[in-house]
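Each chain, written out:
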Amino acid sequence: MAYVPSFSTRLLVLLLTLLPGLLRAQALIETVETVPAVNQWLQPGDRLQVRLKGRPGQRVTFLKGLPMTELAPTLTKGQRGIYQGTYVVQPSDTLNNRPILFQVLRNDTVALASAFSRSRVRFLSPNTPQLALTKGQLAYLNYGLGEDRLGGAKLGYLDSAVVLHLTGMVGNQYRVRLAENQQAWVPQEVVRLLPPGGFVPTSLTGSWSVSGDSLYDYVQVPLDARLPYRSQLLTNPTRLVVDVFGATSNTNWITQRTGIRELGDVHYEQVQPDVFRLVLPLRHAQAWGYSIGYRGNNLVIRVKRPPARLRLQSLTIGLDAGHGGTNVGATSASGSQEKVLTLAIAQKLRQVLEKEGARVLMTRETDLSVENGSRVLLMRQLNPDLLLSIHVNSSGSAAVQGTSTYYRYVAYRPLALAIYNELLKTGLKGFGNVGSFNFNLSGPTEYPNALIETAFVSNPEDEKRLNDPAFQQQLAERIKDGVEEFLKANRAKGLRGWLQQEPAPN
Ligand SMILES: [Zn+2]
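Definitions and cut-offs
Residues numbered from 1 in each chain as written. Predicted model: local features only at pLDDT ≥ 70, side-chain atom pairs only at ≥ 80, totals over all residues. Heavy atoms only, no water. Phe/Tyr/Trp six-rings, centres within 6.5 Å; stacked < 30°, edge-to-face > 60°. Helix = DSSP H or I, 4+ residues; strand = E, 2+ residues; numbered from the N terminus. Buried < 20%, exposed > 50% of the residue type's maximum accessible area, 1.4 Å probe, protein only. Lys NZ or Arg CZ within 6 Å of the ring centre and 35° of its normal. Domains from an automatic or database assignment. Contact = heavy atoms within 4.5 Å. Buried area = accessible area lost by both parts, 1.4 Å probe. Salt bridge = Lys/Arg side-chain N within 4 Å of Asp/Glu carboxyl O.

*Asks:* How would you explain the packing of aromatic side chains if you had to name every residue and give the values?
*Replies:* If you walk through the whole model with that rule in mind, you get 11 aromatic pairs. Between W41 and Y174, the ring centres sit 5.0 Å apart and the planes meet at 40°, which makes this aromatic pair tilted. With W41 in strand β2 (residues 40–42) and Y174 in strand β14 (residues 173–179), this residue pair connects regions lying 133 residues apart in the sequence. For the pair W41 and Y174, a shared accessibility class is recorded, and that class is buried. Where Y216 meets Y218, the ring centres are 6.2 Å apart and the plane angle is 65°; that geometry is what we call edge-to-face. One exposure class covers both Y216 and Y218, and it is buried. The positively charged end of K154 is found above the aromatic ring belonging to Y140, 4.8 Å away from the centroid. Taking the ring centre of Y216 as reference, the NZ or CZ of R302 above it sits at 4.0 Å.

Structure below.
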């Protein structure tokens, strides 16, 4: 006799068949997340933003029963069951690196479902400032949270053991309060958190000492703590402007000792109650570099003078062949590798420069992997008069071609521009002279520098020329000519940048 399933058995089978689908349809909570979906530290006044995807028409809450709003389908491309919530953190709130609780409620009390965010959130108490110290030789601040292949736009490097007041965190960057209405971001890996209980760093500025030794001019400003700072090297007239955050003037005199050769009429402004600005005019139109750091708690700004003789035979030139080793760089469709081309061109450039009597210091001389950070540190140590970084460009479009040069700081634009103008003489198309370029080796302020993207390896015509040793030689000659033009222009300009600031004689 055939087995005839009873009605109840058939119902059970039907239920089991449909169950996965029913469960899916019935999921009260599908996903929950903070927006952005990364760990965060928030301070009073900041917004905690959250999102939940679930079943439409529910009463949904987050944190401590705060209601979330189901978005109208017009805001979600027709998708239903998307809930969002915003909470402005209040001074009395506490939350210590916890995931955020989400609940679907019935009758406002019974939780039908709950879930936690994957990311964790901390509410900072303004009564217990979170401080940190910069660490390492390459600590830096970013303007914002942007990220691309060049990293976030950098505000500048900081010395080690600089005290930072952290007011937030998003993902792997801390927000730094610099001054009233001024903030920056710092990557987690370049700071060490301090235990709670410290005071927000501030300082009165002491009286300055301005001096010069056989190599450099110096400005020293005594402070009570290693405060963060930012600097800008400006042109027309040439001057270095340094803002010290958290500092208020008690500078009652500026002693100018003997030996000063590059610094002009140094002075300061209190641009806002907690921002102390040093204004350091330079005597020459072309700035040759500077560095900022601390000796104890004294801020020390070291300004380089122009080379004694503006001739290649008196110069030390840093030369950087981009990429190398496991870092191949751009590769063309036919297999040309950037690291091979940059080394070949750099080696030819080295010979050309040395023939003119220049001293050349390379970041790599073989097919070696060298981190860009190590290259920056090496050059900081070797202290060249100029740095040239050689690269090969690449584009997703094979039609894009041409030569280009890059600089970060306007004061170093003349070097990049002089080289660009010479490179155009090779017959390569012009791709441009590009400023504010956020490349590691364009970041140092210690010497004028230029990044040279010789030509596009992704363009067949450029690629053919890049691989031709005779053309590589031509590139090297033109780059050398560019440096010579830069020096020639400097010989002609001389002290003009300084004289422009002097009152016109009657
Ligand atoms: Zn490159």
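So much for the structure itself; the text now carries on.
*Asks:* Quick rundown of the domain arrangement of the protein chain? Include the residues and the values.
*Replies:* Domain boundaries in the protein chain define domain 1 (32–123), domain 2 (130–193), domain 3 (203–304) and domain 4 (312–491). Spacing between the C-alpha centres of domain 2 and domain 4 amounts to 30 Å. Contacts between the two partners involve 10 residues from domain 2, matched on the other side by 11 residues from domain 4. Overall, the association of domain 2 and domain 4 removes approximately 820 Å² of surface from exposure, summing both partners, and the carbon and sulfur fraction of that is 52%. When residues of domain 2 are sorted by the area they lose upon contact with domain 4, L138, L150 and Y157 head the list and together hold 60% of the total. Applying the counting criterion to the domain 2 and domain 4 interface returns zero salt bridges.

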